[in-house]
Amino acid sequence: MRIALFEPEIAGNVGAVLRLGACLGAAVDLIEPMGFAWDDRRVRRAAMDYIDYVAIARHAGFDAFRTTIGSRRLVLFTTKSAQSAYEFSFMADDVLLFGKESAGVPPAIADACDARVRIPMRPQVRSMNLATSAAIALGEALRQTATLPS
């Protein structure tokens, strides 16, 4: 299973997702441009020494990223979906895609995905933090596919 971040804007969120990937065994794809310099020390501070235990791939853009995942399903997490992540059937080789913090993904990127799901939440709030969403999503996908680390 992989986590893909589309044009992430906040170094601390990327660091937290890298740590998540290290802990749960998921590779992380970063789709550029990013809203911060990659050598930003905030990434390393959030990821800590866990950054050495996660496979990270950086991609020049969405098209470059898409060519690297082959036939894997690309599952977009978006507040604009009616399909609950808890009612969706994940596969062990899915790629879980998350949009940028300020705007999600543009319609053309959403249309290029194989599935769109949402994390259910209270109607009076807009969205969750990117790293929190990734943790909920990855946990559920690994649970469903019986691939959680022991």
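Up top is the structure.
Residues numbered from 1 in each chain as written. Predicted model: local features only at pLDDT ≥ 70, side-chain atom pairs only at ≥ 80, totals over all residues. Heavy atoms only, no water.

With respect to the pairing of strand 2 (residues 27-31)
Spelled out, the test is: Relative accessible area decides the class of each residue, using a 1.4 Å probe on protein chains only: under 20% of the type maximum gives buried, over 50% gives exposed, and in between gives partly exposed. What counts as a helix is a DSSP run of H or I of at least four residues, what counts as a strand is a run of E of at least two, and both are numbered from the N terminus. Whether two strands pair comes down to DSSP finding at least two bridges between them. When the strands point away from the viewer, a crossover counts as right-handed if the route from the first strand across the helix to the second turns clockwise.
Of all five residues in strand 2, five are buried, a share of seventy percent or more. Covered by surrounding structure in strand 2 are Ala27, Asp29 and Ile31 together with Val28 and Leu30, the residues of both alternating faces. Two strands pair when backbone bridges link them, and strand 1 (residues 2-6) and strand 2 are joined in this way by five bridges, in the parallel orientation. Paired with Ile3 across the bridge in strand 2 is Val28. Chirality of the crossover, the property in question, places the unit of strand 1, helix 1 (residues 11-24) and strand 2 among those that are right-handed. Strand direction decides the pairing type here: strand 2 and strand 3 (residues 56-59), joined by four bridges, are parallel. Bridge pairing in strand 3 places Asp29 opposite Ala57.

Here we look at the sheet that holds strand 6 (residues 115-117)
Our working rule: What counts as an axis is a line fitted to C-alpha atoms, over the stretch in contact for a helix, and the angles between N-to-C directions run from 0 to 180 degrees. Contacts: residue pairs with any heavy atoms within 4.5 Å of one another.
Read across the sheet, six strands follow the order 3-2-1-5-4-6 without closing on themselves; strand pairing throughout is parallel. Only two strands of the sheet have a single partner each, and these edge strands are strand 3 and strand 6. Averaged over all pairs of adjacent strands, the angle between their axes in this sheet comes to 25°, without regard to strand direction. Strands strand 1, strand 4 (74-77) and strand 5 (95-98) of the sheet are contacted by helix 5 (residues 130-144), whose axis makes an angle of about 160° with strand 5.

Considerations on the packing of helix 1 against helix 5
Inclusion rule: Each angle is binned into one of four classes, with values under 35 degrees roughly parallel, values over 145 roughly antiparallel, values of 65 to 115 roughly perpendicular, and all other values oblique. When the near helix sits turned anticlockwise from the far one by under a right angle, the crossing is termed left-handed; a clockwise turn instead gives a right-handed crossing. The nonpolar class holds Ala, Val, Leu, Ile, Met, Phe, Trp, Tyr, Cys and Pro. Asp, Glu, Lys and Arg form the charged class, and all remaining residues, Gly among them, are polar.
Close contact between helix 1 and helix 5 brings their axes to 9 Å; oriented N to C, the two are set at 20°. For the element pair helix 1 / helix 5, the angle class is roughly parallel. For helix 1 against helix 5, the interelement crossing comes out right-handed. Contacts from Asn13, Ala16, Val17, Leu20 and Leu24 of helix 1 reach helix 5 at Leu130, Ala131, Ala134, Ala135, Leu138 and Leu142. For the contact of helix 1 with helix 5, the per-class residue count stands at ten nonpolar, one polar and no charged.

Quick notes on the nonpolar core
Rules: In plain words, nonpolar cores are sets of buried Ala, Val, Leu, Ile, Met, Phe, Trp, Tyr and Cys residues tied together by side-chain atoms within 4.5 Å.
Formed by 34 residues in total, the largest nonpolar core has its most connected members in Ile3, Phe77, Leu96 and Phe98. Contributions of two or more residues to this core are made by strand 1, helix 1, strand 2, strand 4, strand 5, strand 6 and helix 5. Ignoring sequence-local partners within four residues, the contact set of Leu96 consists of Met1, Arg2, Ile3, Ala4, Val75, Phe77, Phe90, Ala137, Leu138 and Ala141. Formed by 14 residues, the second largest nonpolar core is a distinct cluster that contains Phe6, Phe62, Ile69 and Ala110.

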